[in-house]
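What follows is the residue order along each chain.
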Amino acid sequence: MRFEQTFTNFLLDHQEKHNRTYHFLILMDALISAAKHIEHYYLTGALKGNLGLAGNVNVQGEDVMRMDQIAHEITIHYLRASGRVIHAISEESEKIIPINNEGGRYFVYFDPLDGSSNVPHGLPVGFLFGIAKRNLDGPEDGHLRAGKDYIAAGMFVIPTGTFTLALKDAGTWRFHTDETMDFVKPIPMILSEDTKEWELSFNPAHRHTYAKNVQNWIEQNERKYVFRYLGSLAGDFHRILSNGGMFMYPAIVNHPNPEKNRPHGKLRLMYEASVVAFMCREAGGTAVDETGTPTLDLQPKEPHQRTALYVGSKPLVGDIAQVLHG
Ligand code: FDP
């Protein structure tokens, strides 16, 4: 019989090697419980009628799928039960969610079901999260943290049974579920330097709405790489981590209907862009916004702030960053 290292053993080793407490293990256990629970609802959702529209709109003005609400509620339940979270920010809640202001140690920023256009089809969606730690040396003002101040970030691609976690200054690892539904077998993720494997990922339906310099860059470079787009950030980024290349969601500035322009991009900084940028950095890559500024340096001013995103292999992101700066 062959036993793979479990996620818990992996994290225990990591915490002990770095002389850390076990609080973070308890938090991660809560997030994994939430993800497994969400996955279960997602897998059985069509039968239970959970994949339909809930009939209201969320804070971004989009339709809320019933699954989005279920995923949000499951996650908040487990975060609360962990006792380790000061407050959380969720895509599904306009306001910051206070949890344990006195005893909590971490801030959790999450999108419990990202890629909602895939939901009615039962295709892959993401559960993305970033974690920051309270100031242990003095008073905590609870300010919104930039990605460079996260201590960890990760994503579950649901319902594929994969989990990717990045730990600050330590690396990025991918886990798969075994026959007992445990996440096992940490695989270090390092972006491939083999340009033959690199992929480009963006929504081609939007390409003529991008800034002219971005459109020109695409025209000059797209034939060099394989093109893939799923429409779920977690799924698309999962591939980039495995194969290298670049995922981008540029600013929309040339839409024929100017009201549909999105000069600040579409993706949310705190629980989408910073999360994948953090995982990418720990895997040897990088990420920038529409001005070429590193995503991890962007200081959020409000919880649901949007940003354009270019994330992936350093040479590719660096190349487009030069165009964006220019
Ligand atoms: P969705 O709106 O379907 O929830 O920000 C959310 C997100 O999905 C990302 O997961 C995905 O990468 C992107 O938006 C897809 O947007 P487009 O439909 O415009 O391609």
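Look above for the structure.
Since the model is a prediction, treat every value here as computed from it, not as a measurement.

Peer 1: I would appreciate a short explanation of the sheet that holds strand S7 (residues 150-158) in the present structure.
Peer 2: Backbone-to-backbone hydrogen bonds join strands into a sheet, with any given pair of strands oriented parallel or antiparallel. Reading across from one edge, S4-S3-S5-S6-S7-S8-S9-S10 is the order of the 8 strands in this open sheet, with mixed pairing throughout. Where the open sheet ends on each side, the last strands, each with one partner, are strand S4 (97-98) and strand S10 (183-188). Strands strand S8 (162-167), strand S9 (171-177) and S10 of the sheet are contacted by helix H1 (residues 7-17), whose axis makes an angle of about 5° with S8.

Peer 1: Help me understand the pattern of salt bridges in this model?
Peer 2: Oppositely charged side chains can form a pair if their charged atoms are brought close together. Tallied over the full model, the rule gives 9 salt bridges. Two residues, Arg207 and Glu222, come together in a salt bridge whose shortest N-O distance is 2.9 Å. You can see Arg207 sitting in the loop between strand S11 (199-201) and helix H5 (212-221) and its partner Glu222 sitting in the loop between H5 and strand S12 (226-227), a full 15 residues away along the chain. Look at Arg207 and you get buried, because its relative accessible area is 17%.

Peer 1: I tried to follow the site of the ligand on my own but got confused; where do I start?
Peer 2: As a matter of local geometry, the ligand sits amid 16 residues, with Asp114, Asn203, Tyr229, Tyr249 and Lys266 nearest to it. At a separation of 2.7 Å, an oxygen atom of the ligand approaches a polar side-chain atom of Asn203. One nitrogen or oxygen atom from the side chain of Tyr229 is found 2.4 Å from an oxygen atom belonging to the ligand. For the ligand, whose accessible area on its own is 460 Å², the fraction buried by protein is 88%.

Peer 1: Could you clarify how one ought to interpret the packing of helix H6 (residues 233-243) against helix H7 (residues 269-282) in this entry?
Peer 2: Helix-helix packing is described using two parameters, namely the angle between the two axes and the distance between the axes. Relative to each other, H6 and H7 sit at 15°, their axes nearing to 11 Å. In this view, H6 runs roughly parallel relative to H7, as classed from their interaxial angle. Helix-helix and strand crossings are classified by hand; for H6 and H7 the assignment is right-handed. Here H6 contributes Leu233, Phe237 and Leu241 to the contact with H7, which in turn contributes Glu272, Val276, Met279 and Cys280. Considered class by class, the residues forming the contact of H6 with H7 number 6 nonpolar, no polar and 1 charged.

Peer 1: Looking at this model, I keep getting lost on the packing of aromatic side chains. Mind explaining?
Peer 2: Under the counting rule described, the total for this entry stands at 20 aromatic pairs. Considering the side-chain rings of Tyr109 and Tyr150, the 5.6 Å spacing of their centres and the 40° angle between planes classify their relative orientation as tilted. With Tyr109 in strand S5 (residues 106-114) and Tyr150 in strand S7, this pair connects stretches of sequence that are 41 residues apart. The class for Tyr109 is buried, based on a relative accessible area of 0%.

Calculation notes
- Residues numbered from 1 in each chain as written.
- Predicted model: local features only at pLDDT ≥ 70, side-chain atom pairs only at ≥ 80, totals over all residues.
- Heavy atoms only, no water.
- Pairing = 2+ DSSP bridges.
- Helix = DSSP H or I, 4+ residues; strand = E, 2+ residues; numbered from the N terminus.
- Contact = heavy atoms within 4.5 Å.
- Axes fitted to C-alpha atoms, helices over the stretch in contact; angles between N-to-C directions.
- Salt bridge = Lys/Arg side-chain N within 4 Å of Asp/Glu carboxyl O.
- Buried < 20%, exposed > 50% of the residue type's maximum accessible area, 1.4 Å probe, protein only.
- Near = heavy atom within 4 Å.
- Polar contact = N/O pair within 3.5 Å; in protein donor to acceptor, adjacent residues only side chain to side chain.
- Areas by Shrake-Rupley, 256 points an atom, 1.4 Å probe, with all protein chains shown as cover.
- Parallel < 35°, antiparallel > 145°, perpendicular 65-115°, else oblique.
- Left-handed = near helix turned anticlockwise from the far one by under 90°.
- Nonpolar A, V, L, I, M, F, W, Y, C, P; charged D, E, K, R; others polar.
- Phe/Tyr/Trp six-rings, centres within 6.5 Å; stacked < 30°, edge-to-face > 60°.

By themselves, these observations are geometric and do not establish any function.
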